[in-house]
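Each chain, written out:
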Amino acid sequence: MDINTLIPKETDFTIPKGREREFEILSNSILSGENILLRGEPGCGKSAYVLHLAAKHKVPVIQIQGDGDMGVVDIVGGFQYSSLKNGTYWIDGALSFALRNGCWVLFDEINMTLPEVLARLHSVLDHRRHLDLKETGESIIRSSGTAFIGTMNPDDFGVHSGTKPLSPALFSRFDIIMDFDYLSGNEEVKLLMKTSDISLKDAQTMVSIAEKSREARKNLEMSLSIDTRMLIAWSKKAVQYGLKDSARAVLVSRFSDADKAALRGILVGFGLIDLVKKGSQK
Ligand SMILES: Nc1ncnc2c1ncn2[C@@H]1O[C@H](COP(=O)(O)OP(=O)(O)O)[C@@H](O)[C@H]1O
Ligand SMILES: [Mg+2]
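Residues numbered from 1 in each chain as written. Chains lettered and ligands numbered in written order. Predicted model: local features only at pLDDT ≥ 70, side-chain atom pairs only at ≥ 80, totals over all residues.

## Topic: helix 8 (residues 185-195)
Along helix 8, the residues that are buried comprise Glu188, Val189, Leu191 and Leu192. The buried side chains of helix 8 occupy one side of the element, clustering within an arc of 160 degrees when seen end-on. For helix 8, the exposed residues set more than 90 degrees away from the buried face come down to Asn186 and Lys194. Buried residues along helix 8 sit in contact with helix 9 (200-218) and helix 10 (228-241). (Buried ≥ 20, exposed ≤ 12 C-beta atoms within 10 Å, placed from the backbone. Helix = DSSP H or I, 4+ residues; strand = E, 2+ residues; numbered from the N terminus. Arc of directions from axis to C-beta. Contact = placed C-beta atoms within 7 Å.)

Here it is in structure tokens:
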């Protein structure tokens, strides 16, 4: 595999106003190959920032999606049988591959991962900086520039099913922990206008709707809110099909029936009526 294909494509990233110094510390920490934990709501730019930095510095990145189904074999590797090779042979997992090839590791939703998988990270993250493949007896050294970035959603509302706090042993191995948040309303409006030809007025309406949905989620009135990624998708379609028709396909359809009732209340406030039918919640 050509490692260069793992270098992300260049993308813009808006540093939130007033947080320039924090982002300077963050980027220096990543570029020094430290362990970083990024915490924040889904779709608020955690991965986007890491990929932006990797693209700028032309560093390959391996993204690992943490979830309850991921086993040790997926990240460390395992033996596979091949009739061609007439026996079993070792295949690296995502983490072994990344460390062997000097890729940054972007471990998303690290707190969704099973403890036995996370336990294998300990020696990679602390002063030992190596991954022991007990299975083969090999030890893969983590080179000095290899950053490890974990991301997690804050578990403050208890609405992210499957999330739990990280174990203190793992938590203490991160050099820096940074909280991410959505951009301010103005910044998000500008971002939408940069990524599509949306008008100022429509961008402002969309961002206001998103902000209301985030508030509703905080108040446990909705289980999902409109994040930056959804806003970008919506604005691209809105340019083509108008705010309302695009909302049906891009936005409303993502929400559960229970959430649609709350969403309806928000949309009606912006004159976007009939998008979610009353009563049927469809
Ligand atoms: N500050 C930002 N600057 C530019 N784009 C952003 C920013 N925050 C979010 N985005 C956009 O929103 C999308 C979702 O963000 P992402 O980083 O994937 O979220 P998460 O926090 O869940 O990792 C990104 O692909 C990017 O296009
Ligand atoms: Mg992410």
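## A look at the pairing of strand 7 (residues 138-141)
Pairing of strand 6 (residues 130-133) with strand 7 involves four bridges; the strand directions are antiparallel. If you follow leucine 133 over to strand 7, its bridge partner there is glutamate 138. Hairpin remark: strand 6 followed by strand 7, antiparallel, with four residues in the connecting loop; positive phi at glycine 137, about 90 degrees. (Pairing = 2+ DSSP bridges.)

## Considering the nonpolar core
Of all hydrophobic cores here, the largest spans 41 residues; its most connected members are Ile36, Val50, Val61, Leu95, Trp104, Val105 and Ile149. Sort the elements by how many residues they give to this core and helix 2 (residues 46-56) lands first, with five residues. When sequence neighbours within four positions are dropped, the list of residues in contact with isoleucine 36 reads Leu26, Ser29, Ile30, Ala147, Ile149, Phe174, Asp175 and Ile176. (Core = buried A, V, L, I, M, F, W, Y, C linked by C-beta atoms within 7 Å.)

## Some words on the sheet that holds strand 2 (residues 61-65)
The five strands lie next to each other as 2-5-8-1-9, forming an open sheet whose pairing is parallel. Strands with a single pairing partner mark the edges of an open sheet, and in this sheet they are strand 2 and strand 9 (176-179). Sheet twist, expressed as the mean angle between neighbouring strand axes with direction ignored, is 20 degrees. On top of the sheet, helix 1 (residues 20-31) reaches strand 1 (35-39), strand 8 (148-152) and strand 9; it is set at about 140 degrees to strand 9, its chief contact. Strands strand 1, strand 2, strand 5 (104-108) and strand 8 of the sheet are contacted by helix 2, whose axis makes an angle of about 170 degrees with strand 5. (Axes fitted to C-alpha atoms, helices over the stretch in contact; angles between N-to-C directions.)

## A word on the site of ligand 1
Every one of the 17 residues lining ligand 1 counts as a neighbour, but Gly45, Lys46, Ser47, Ala48 and Arg229 are closest to it. Those elements giving two or more residues to the shell around ligand 1 turn out to be helix 2 and helix 10. Looking at the shell around ligand 1, its residues break down into seven nonpolar, seven polar and three charged. Each of domain 1 (3-179) and domain 2 (185-268) contributes no fewer than three residues to the shell around ligand 1. (Near = placed C-beta within 6 Å. Nonpolar A, V, L, I, M, F, W, Y, C, P; charged D, E, K, R; others polar. Domains from an automatic or database assignment.)

## With respect to the domain arrangement of the protein
Frequently, the measure chosen for interface size is the accessible area removed from exposure when the parts meet. Entries for the protein in the domain assignment read domain 1 (3-179) and domain 2 (185-268). Spacing between the C-alpha centres of domain 1 and domain 2 amounts to 30 Å. Every contact between the two is made by 11 residues of domain 1 and, on the other side, 10 residues of domain 2. Split by residue class, the side of domain 1 that touches domain 2 holds five nonpolar, three polar and three charged.

## Focus: the environment of arginine 142
As for its placement among the helices and strands, arginine 142 is situated in the loop between strand 7 and strand 8. Here arginine 142 falls in the buried class, since 22 other C-beta atoms lie within 10 Å of it. With 98 residues separating them in the primary sequence, arginine 142 and cysteine 44 have C-alpha atoms 29 Å apart. Dropping the residues within four chain positions of it, arginine 142 is found in contact with Leu99, Val124, Arg129 and His130.

## Here we look at helix 2
For helix 2, the complete set of buried residues consists of Lys46, Tyr49, Val50, Leu51, His52, Leu53 and Ala54. Those residues of helix 2 that are buried are in contact with helix 1, strand 1, strand 2, strand 5 and strand 8. In the stretch just after helix 2, lysine 58 is the one whose phi turns positive, near 55 degrees.

## Focus on the environment of leucine 263
Within the element layout of this structure, leucine 263 appears in helix 12 (residues 257-268). Using a count of 29 C-beta atoms within 10 Å as the deciding quantity, one classes leucine 263 as buried. Each C-alpha atom, one on leucine 263 and one on methionine 222, is 8.0 Å from the other, the two residues being 41 residues apart in sequence.

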